[in-house]
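Listed below are the residues making up each chain.
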Amino acid sequence: MSQTASIARARVKEQAIVKASHTGQPIKLSGIIAMIFLFISTIYFIVPFLWLLISSTKSTGDLFGTFGLWFAPSFNLFANLQQLFTYDNSVYLQWLLNSLIYAGIGSIIAMFLSSLAGYALAKYVFRGRDFIFSCVLGAILVPTTALALPLYLLMSKWGLTNTYWSVLLPSIVSPFGVYLSRIYASASVPDELIEAARIDGAGEMNIFVTIAMRLMTPALVTVLLFQFVAIWNNYFLPLVMLSNERLFPITLGLQTWNVTTGGVNKFLYTQIVTGALISSIPLIIGCILLQRFWKGGLGVGGVKN
Amino acid sequence: MALENTLSSVSSIRLSKQKPPRQSARLAATPYLFVLPFGILFLLFFVLPVGYAIYQSLFRSQRSGLGLGPATIAFNGLGNYGDVIHDPKFYEGIGHVLLYGVVQVPVMLCFALILALLLDSTIVRFKAFFRLAFFLPYAIPGIVAALLWGYFYDPELSPIVAIFNALHLNAPNFLGPQDILWSIANIATWAWTGYNMLIIFAALQAISPELYEAARMDGGSGWHIAWYIKIPLVAPALILTCVFSIIGTAQLFNEPVVLTPISNNISTSYTPNLYAYYTAFGTNNYYYAAALAVVLAVVTAILSFGFLRVTQRQAGV
């Protein structure tokens, strides 16, 4: 199904190209305009990142003294990295580790729990199913920052504020993950398959782990990476929950530096810039992976037929 | 592979005499057990905080006499909500967010739609490169994006200001009282356009190519196909991105917080979320902050549900 679709697609494109070469001028012109528009957009999206890349190679003096979008004569990246990772008893390294713990553990558990729930909502008929699903849908629309304040008060009642748990536990609840898993499970896990496995004597959990999870892989990866990015980028929740600097994730740590820059602490600018660059590397890797799996996801949808 | 194995086992079963599936108590309990782990956490960290916020918002802390004694907590009914409704600082924030949302959300989504349509069209090249470039900002934490743009706005550091100065032109004051809102809007647009583009792009990819073929046979141009086929068919994706953007706008917090140290034009009540935060942690008035959070959540829900209702009626669903 997907193959015939892609063949048809390729054929349409071919025809379009043939048509373009026949009609000539007008389509070519629109193509040029489109390319110019795309290039200008690319500059808009890439230049701030380029600035970050260039600035991380500069000393504090050069950061303020030289033009931002070109390199300074002296290459200072390694000195900056060394300063970044040793400053204040390597607090940045601790933040990096914390972010990895929050986002890594949080997203893996979130993926497992939400796919399990989404699968159950898609593939079983039971009382309360629709009610649960509407709760999940409603929860997607609740602003998470509106939750953070009362969550802080509850956590302090339970004595959990200023611990890893206070950030980790709320991060593993992903209503959007349940929603996505449900949609995907109902489209990609055939009922006949589940029924067949049951007749073969497989347990329900076994069916989920060995059959459903494999068929749902693209959705699972999407949930995993979305949740990873969401936790990695989260600022408000840790801001509310944590006061011990050693528990901070990178976002909170960098902003703490940002508030204290200037004056005597002008050198912190270089550190923030280098730290910001390092903090985006894991996500860039993750996003490249996401794109690859997204393509896979589009193909798997066709297996059903 | 596993799929093929199981598929073949399906067909072999169909050939043999089919046994009726066992309906046991175990099977009936399974879905509940599957939903349970998520459900418990959902109750604890989603439903309970909402309930607790509503409960807290009904109280207030008061000091007796000269305000020297310990504060006591008293039931205040809907008093906090009355105060919110008459609080000019709350309206200041709502005003900023509304003005911002009315401009930024349509601009960003139009931009994302145009980029997605171009990347789905036949007239451009280097699509993989462009897609990655546009999506790059999504990989940069919101706080970092705000820091980055903060440096672009800061006259001391900004390469944009440097270019203006080199050309002997007056550089815009990005951090000025009027421009700061649009500087914030620009950060959000930069950060989220690629993400929205990808959602729309995925929807475009799902459209059956036969439709285009039919349209071309009828003599439809690329513009016609985009306008009459593609855009209507990706409308659900557009609605989804729009709802997410409305929610994001209502929660505006990170960017103004990051810009506060370099600009004097962001007050503690610049956005409703900022106001709720400072009310809770700056002045320790948790009860009033809870009321603010509840009102903000309700306003957001009304806006996003309202938007969904209107668009669905328009679409004739």
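Conventions used here
Residues numbered from 1 in each chain as written. Chains lettered and ligands numbered in written order. Predicted model: local features only at pLDDT ≥ 70, side-chain atom pairs only at ≥ 80, totals over all residues. Helix = DSSP H or I, 4+ residues; strand = E, 2+ residues; numbered from the N terminus. Buried ≥ 20, exposed ≤ 12 C-beta atoms within 10 Å, placed from the backbone. Contact = placed C-beta atoms within 7 Å. Nonpolar A, V, L, I, M, F, W, Y, C, P; charged D, E, K, R; others polar. Domains from an automatic or database assignment. Axes fitted to C-alpha atoms, helices over the stretch in contact; angles between N-to-C directions. Parallel < 35°, antiparallel > 145°, perpendicular 65-115°, else oblique. Left-handed = near helix turned anticlockwise from the far one by under 90°. Expected span 1.5 Å × (residues − 1). pLDDT = per-residue confidence, 0-100.

**Q** Before we go on, may I ask you to explain the overall build of chain B in this structure?
**A** Assigned secondary structure in chain B consists of 14 helices and two strands. Counting across all 317 residues of chain B, residues that qualify as buried make up 40%. For chain B, restricting intrachain contacts to residue pairs at least 6 apart in sequence, the fraction spanning at least 24 positions comes to 67%.

**Q** I keep staring at the overall build of chain A and nothing clicks. Help me out?
**A** Counting its secondary structure elements, chain A contains 14 helices and zero strands. Ordered by position from the N terminus, the helices and strands of chain A form the series α-α-α-α-α-α-α-α-α-α-α-α-α-α. Here chain A holds 305 residues, and 43% of them are scored as buried. Considering only intrachain contacts with a sequence separation of at least 6, the fraction spanning at least 24 residues in chain A is 74%.

**Q** Can you help me understand the interface of chain B and chain A in this one?
**A** Frequently, the measure chosen for interface size is the accessible area removed from exposure when the parts meet. With 81 residues of chain B at the contact, the number on the chain A side is 84 residues. No other element matches the 18 residues that helix H2 (residues 25-56) of chain B contributes to the side of chain B that touches chain A. In the side of chain B that touches chain A, the residues fall into 62 nonpolar, 14 polar and five charged.

**Q** Quick question: what am I supposed to make of the domain arrangement of chain B here?
**A** All names here are of chain B. Taken domain by domain, chain B comprises domain 1 (29-77) and domain 2 (78-314). Taken together, the contacts link nine residues of domain 1 with nine residues of domain 2. In terms of residue class, the side of domain 1 that touches domain 2 is made up of three nonpolar, five polar and one charged.

**Q** So what exactly am I meant to see when it comes to the packing of helix H4 (residues 77-123) of chain A against helix H8 (residues 175-188) of chain A here?
**A** Packed helices, taken two at a time, are described by the angle their axes make and the gap between the axes. All names here are of chain A. Between H4 and H8, the shortest axis-to-axis distance is 7 Å and the interhelical angle comes to 50°. The angle between the axes of H4 and H8 places the two elements in the oblique class. Considering only the axes of H4 and H8, their crossing is right-handed. Contact residues: H4 offers Ala110, Met111, Ser114, Ser115, Ala117, Gly118, Tyr119, Leu121, Ala122 and Lys123, while H8 offers Gly177, Val178, Ser181, Arg182, Ala185 and Ser186. The residue makeup of the contact of H4 with H8, split by class, is eight nonpolar, six polar and two charged.

**Q** Could you clarify how one ought to interpret helix H6 (residues 142-153) of chain B in this entry?
**A** Each α-helix winds once per 3.6 residues, and so residues spaced three or four apart point in a common direction. All names here are of chain B. Here H6 spans 16 Å end to end across 12 residues, near enough to the 16 Å set by a 1.5 Å rise per residue. For H6, the buried fraction is high: 12 of the 12 residues fall into the buried class. When we look at burial in H6, the residues that qualify are Gly142, Ile143, Val144, Ala145, Ala146, Leu147, Leu148, Trp149, Gly150, Tyr151, Phe152 and Tyr153.

**Q** Looking at this structure, how should I read the confidence of the model for chain B?
**A** Regions with low pLDDT carry predicted coordinates that are not meant to be interpreted in detail. All names here are of chain B. The pLDDT averaged across chain B works out to 83; a share of 88% of its residues lies at or above 70. Confidence, read as mean pLDDT per element, is least for helix H1 (residues 2-15) in chain B (36) and greatest for helix H4 (residues 88-120) (93). Here residues 1-21 is modelled with pLDDT under 50, and outside its nearest four sequence neighbours on either side it reaches 20 contacts, counting other chains as well. Across the assembled chains, the prediction reports ipTM 0.81 with pTM 0.81.

**Q** Hey, could you run me through unusual backbone geometry in this one?
**A** With glycine set apart, most residues show a phi of negative sign, and most peptide bonds adopt trans. Here A:Asn89, not a glycine, exhibits a phi torsion of approximately 55°, which is positive. Taking the C-beta count within 10 Å as the criterion, A:Asn89 has 9 such neighbours and is therefore assigned exposed.

**Q** Any chance you could explain the packing of H4(A) against helix H7 (residues 164-171) of chain A here in plain terms?
**A** Residues and elements named next belong to chain A. As a packed pair, H4 and H7 sit with axes 9 Å apart at the nearest point and diverge in direction by 35°. Judged by the twist between their axes, the crossing of H4 over H7 is right-handed. Here Ile101, Tyr102, Ile105, Gly106 and Ala110 of H4 lie close against H7, whose contacting residues are Tyr164, Val167, Leu168 and Ser171. Residues of the contact of H4 with H7, tallied by class, amount to seven nonpolar, two polar and no charged.

**Q** What am I meant to see in the confidence of the model for chain A here?
**A** Residue and element names in this part refer to chain A. In the predicted model, chain A carries a mean pLDDT of 82, and 85% of its residues have values of at least 70. Mean pLDDT in chain A bottoms out at helix H1 (residues 2-23), which sits at 50, and peaks at H7, which reaches 94. Within the model, pLDDT remains below 50 along residues 17-25, and this stretch shows two contacts once partners closer than five positions in the same chain are excluded. Note that pLDDT drops below 50 for residues 296-305; the model gives that stretch 19 contacts with residues more than four away or on any other chain.

**Q** I keep staring at the environment of A:Leu225 and nothing clicks. Help me out?
**A** All names here are of chain A. Mapped onto the elements, Leu225 comes out in helix H11 (residues 217-233). The buried category is assigned to Leu225, around which 20 C-beta atoms lie within 10 Å. Along the chain, Leu225 and Gln255 lie 30 residues apart, while their C-alpha atoms are 24 Å from each other.

**Q** Explain the environment of B:Glu92 to me, please; I cannot follow it from the model alone.
**A** Residues and elements named next belong to chain B. Its location among the elements puts Glu92 in helix H4. Overall, the presence of 16 C-beta atoms within 10 Å leaves Glu92 in the partly exposed class. In the structure, Glu92 is positioned 179 residues away from Thr271 in sequence and 7.4 Å away in space, judged by C-alpha atoms.

**Q** Looking at this structure, how should I read the environment of B:Val310?
**A** Mapped onto the secondary structure, B:Val310 falls in helix H14 (residues 286-314). Here the alpha-carbon distance between B:Val310 and B:Thr271, two residues 39 residues apart in the chain, equals 26 Å.

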